[in-house]
Amino acid sequence: MVSVIGVRFKRAGKIYFFDPKQFDIAAGDHVIVETIRGIEYGKVVSGIEQVDEKELVSQLKPVIRKADQSDCQKHQANRQKAKDAMITCQQKIAKHGLEMKLIDAEYTFDNNKVIFYFTADGRVDFRELVKDLAAVFRTRIELRQIGVRDEAKMINGIGQCGRRLCCANWLSEFVPVSIKMAKDQNLSLNPTKISGICSRLMCCLRYEYDTYKSLRKQMPRVGDMVKTPDGEALVFGVNILKETVRVKLIVSKSKGSEPELGDDFLEFHRRVVIRNNRTRYNFTKKMVESGGTVQLQDQDDEVFAEYMQDDGFIAE
């Protein structure tokens, strides 16, 4: 076990471990540390704690010192210099006619490097731009191309929920998100409703996915034949959060033909429903795919009967 502190260099940024050495450091303090980018000013988000050496992904670097008032003033001055550097860089980009969008700029604490973040549709030849910037700032220049999700994280904004973006305020790392997560949660697959301001799937689709996935395993699927307190029935829909099953009772059935169903939809809790794993039916018309399941739209019973007569049910 080794003693470490957790340091963050940006709001909602990734947390890095450092060796506190002999310093008495607590959460909320600011420290000066050495990173692969150079000397940096960071905020301690977790105080001294013991962790297993196996959890460390790289060699643990020591804290140089606790930040004092002069370090804090220098950090603020660097942030102001970065704003001025943004203006200069934007002018140089326009001068060279490069198709790139400048997002942010930052100085390392020791001013040995200026880093510019930008987005672009493809690769950009910015060699001449770097030469111009180096002549102006007289320090090392780094241009780093980022994706649209990182752009949203840096700029911040308001999401569809009316709150500030998770990625810019507390989500330290992006997690993989897929369209299957939206399907399994019975969400609309309209891209405008499940995409964030970065035009990618919203990170929050991941938050409750494991719960939905766990609950879904305990529920019958649409098309399953089940036993209810009122008799055998066919599943037409499931509500994951309420843990209920929407069914129609089977009035009669014969081998090789479609079952005759009752007119009314009934709803039962999953605990009183027993699944018959041997029989399942596929609906073939008027289907609505939602959340990875297939649910029939509500219709008048007469219209429903016509579709059953035309297409019926196909037993697996």
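The shown structure was predicted, so the numbers you read here are calculated from the model rather than taken from an experiment. Positions within a chain are numbered from 1, following the residues in the order the chain's sequence is written. Side-chain atom pairs in this predicted model are given and counted only at pLDDT of 80 or more, local residue features only at pLDDT of at least 70, and totals for whole chains, interfaces and linings cover all residues. Neither water nor hydrogens contribute to the side-chain values; these are computed over all heavy atoms in the structure.

> So, the overall build of the protein chain: which residues are in play, and what are the values?
Working definition: helices are DSSP H or I runs of at least four residues, strands are E runs of at least two. Numbering for both runs from the N terminus. The helix and strand tally for the protein chain stands at eight helices and 16 strands. The buried label goes to any residue with under 20% of its type's maximum accessible area, the exposed label to any with over 50%, and the partly exposed label to all in between, with areas taken from a 1.4 Å probe on protein chains only. Looking at the protein chain as a whole, 37% of its 316 residues are labelled buried. In this description, contact between two residues means that some pair of their heavy atoms is separated by no more than 4.5 Å. Here the contacts in the protein chain between residues at least 6 apart in sequence split such that 60% fall between residues at least 24 apart. Only the protein chains shown count as covering a residue, and every accessible area follows the Shrake-Rupley method with a 1.4 Å probe. In the form shown here, the protein chain has an accessible surface area of approximately 19,000 Å², with 48% of it arising from carbon and sulfur atoms.

> A description of the sheet that holds strand E6 (residues 101-107) should follow, citing residues and the corresponding values.
Remark on secondary structure: sheet strands pair via backbone hydrogen bonds, oriented parallel or antiparallel. Here a strand pair is declared whenever DSSP counts at least two bridges between the two strands. What the three strands build is an open sheet, ordered E6-E7-E8; its pairing is mixed. The open sheet is flanked by E6 and strand E8 (140-145), the only strands paired with a single partner. Averaged over all pairs of adjacent strands, the angle between strand axes in this sheet comes to 20°, irrespective of strand direction. As judged from the six bridges shared by strand E7 (residues 113-119) and E8, these two strands associate in the parallel manner. Paired with Phe118 across the two strands is Gln145, which belongs to E8. Lines fitted to C-alpha atoms define the axes here, with helix axes fitted over just the stretch in contact, and angles between the N-to-C directions of these axes take values from 0 to 180 degrees.

> Explain the pattern of salt bridges to me, and be specific about the residues and the numbers.
By definition here, a salt bridge exists when the distance from a side-chain nitrogen of Lys or Arg to a carboxyl oxygen of Asp or Glu is within 4 Å. Across all of its chains, the model carries 15 salt bridges by this definition. Between Glu106 and Lys10 there is a salt bridge, with the nearest N and O atoms lying 3.5 Å from each other. Of this pair, Glu106 sits in strand E6 while Lys10 sits in the loop between strand E1 (2-8) and strand E2 (15-19), and the two are 96 residues apart along the sequence. The class of Lys10 is partly exposed, set by a relative accessible area of 35%. Here Lys95 and Asp132 are joined by a salt bridge, their closest N and O atoms 3.8 Å apart. Residue Lys95 is found in helix H1 (residues 69-96), and its partner Asp132 is found in helix H2 (residues 127-137); the two are separated by 37 residues along the sequence.

> I'd like a description of H2, backed by residues and values.
Among the residues of H2, Leu129, Leu133 and Phe137 are the ones counted as buried. The arc that holds every buried residue of H2, seen down its axis, measures 50°, which confines them to one face. Every exposed residue of H2 that faces more than 90 degrees away from the buried side is listed here: Arg127 and Lys131. Tucked inside the fold, the buried residues of H2 contact H1, E6, E7 and E8. Looking at the residues trailing H2, positive phi occurs at Arg138, about 50°. Our arc is simply the arc of the directions from the helix axis toward the C-beta atoms.

> For the side chain of Glu106, give the residues involved together with the corresponding values.
Relative accessible area serves as the criterion here: at 14%, Glu106 is assigned to the buried category. Throughout this description, a polar contact denotes any pair of N or O atoms lying within 3.5 Å of each other; where both atoms belong to protein, one of them has to be capable of donating a hydrogen while the other can accept it, and for residues adjacent in sequence the pair is counted only when both atoms sit in side chains. A polar contact of 3.5 Å, which involves the side chain of Glu106, links it to the side chain of Lys10. A polar side-chain atom of Glu106 sits 2.9 Å from a polar atom in the side chain of Arg37.

> Pulling in residues and values, what's your account of the sheet that holds strand E3 (residues 30-35)?
Spatial ordering of the closed barrel is given by E1-E2-E5-E3-E4, a layout of five strands whose pairing is mixed. The mean inter-strand angle of the sheet, taken between neighbouring strand axes irrespective of direction, is 55°. Both E3 and strand E4 (residues 38-51) contribute to a ladder of six bridges, which runs antiparallel. Note on E4: the bridge partner recorded for His30 is Lys43. Docked against the sheet, H1 engages E3, E4 and strand E5 (61-66), running at close to 125° with respect to E4.

> Account for the pairing of E1, with residues named and values stated.
A large share of E1 lies buried, amounting to five of its seven residues. Here six bridges tie E1 to E4, and the two strands are oriented antiparallel to one another. Of the residues in E4, the one forming a bridge with Val2 is Val51. Here E1 runs beside E2; their pairing, made up of four bridges, is antiparallel. Its bridge partner lying in E2, Gly6 is registered against Phe17. Hairpin remark: E1 followed by E2, antiparallel, with six residues in the connecting loop; positive phi at Ala12, about 60°.

> Talk me through the confidence of the model for the protein chain; I want residue IDs and the actual numbers.
The predictor reports its confidence for every residue as pLDDT, a score running from 0 up to 100. The predicted model of the protein chain has a mean per-residue pLDDT of 82, with 86% of residues at 70 or higher. Per-residue pLDDT stays below 50 along residues 284-316; that stretch engages in 71 contacts with residues further than four places along the chain or on separate chains.

> Any details on helix H7 (residues 209-217)? Residues and values, ideally.
What H7 keeps buried is the set Tyr209, Tyr212, Leu215 and Arg216. Axial view of H7: buried residues confined to an arc of 130°, hence all on one face.

> For a negative patch on the surface, give the residues involved together with the corresponding values.
Patch membership requires more than 30% relative accessible area and the absence of a salt bridge. Residues of like charge join within 9 Å; the nonpolar side chains Val, Leu, Ile, Met, Phe, Trp and Tyr join within 5 Å. His is not counted here, nor are the chain ends, while Lys and Arg score as positive and Asp and Glu score as negative. Charge coordinates come from a single atom per side chain, which is NZ of Lys, CZ of Arg, CG of Asp or CD of Glu. Among the surface-exposed residues, Glu49, Asp52, Glu53 and Glu55 lie close enough to one another that they form a single negatively charged patch. Tracing the backbone through its elements, the reader meets Glu49 in strand E4.

> Go over the packing of aromatic side chains with me, naming the residues and quoting the values.
Stacked, tilted and edge-to-face are the three classes assigned to paired rings of Phe, Tyr and Trp, where Trp is represented by its six-membered ring and a pair needs centres within 6.5 Å; plane angles under 30 degrees give stacked, over 60 edge-to-face, the rest tilted. Per the counting criterion, the structure on display carries seven aromatic pairs. Aromatic side chains Tyr41 and Phe109 sit 6.0 Å apart centroid to centroid with 20° between the ring planes, which places their arrangement in the stacked category. Separated by 68 residues along the polypeptide, Tyr41 in strand E4 and Phe109 in the loop between E6 and E7 bring together distant segments of the chain. Residue class for Tyr41 comes out buried when judged on its relative accessible area of 7%.

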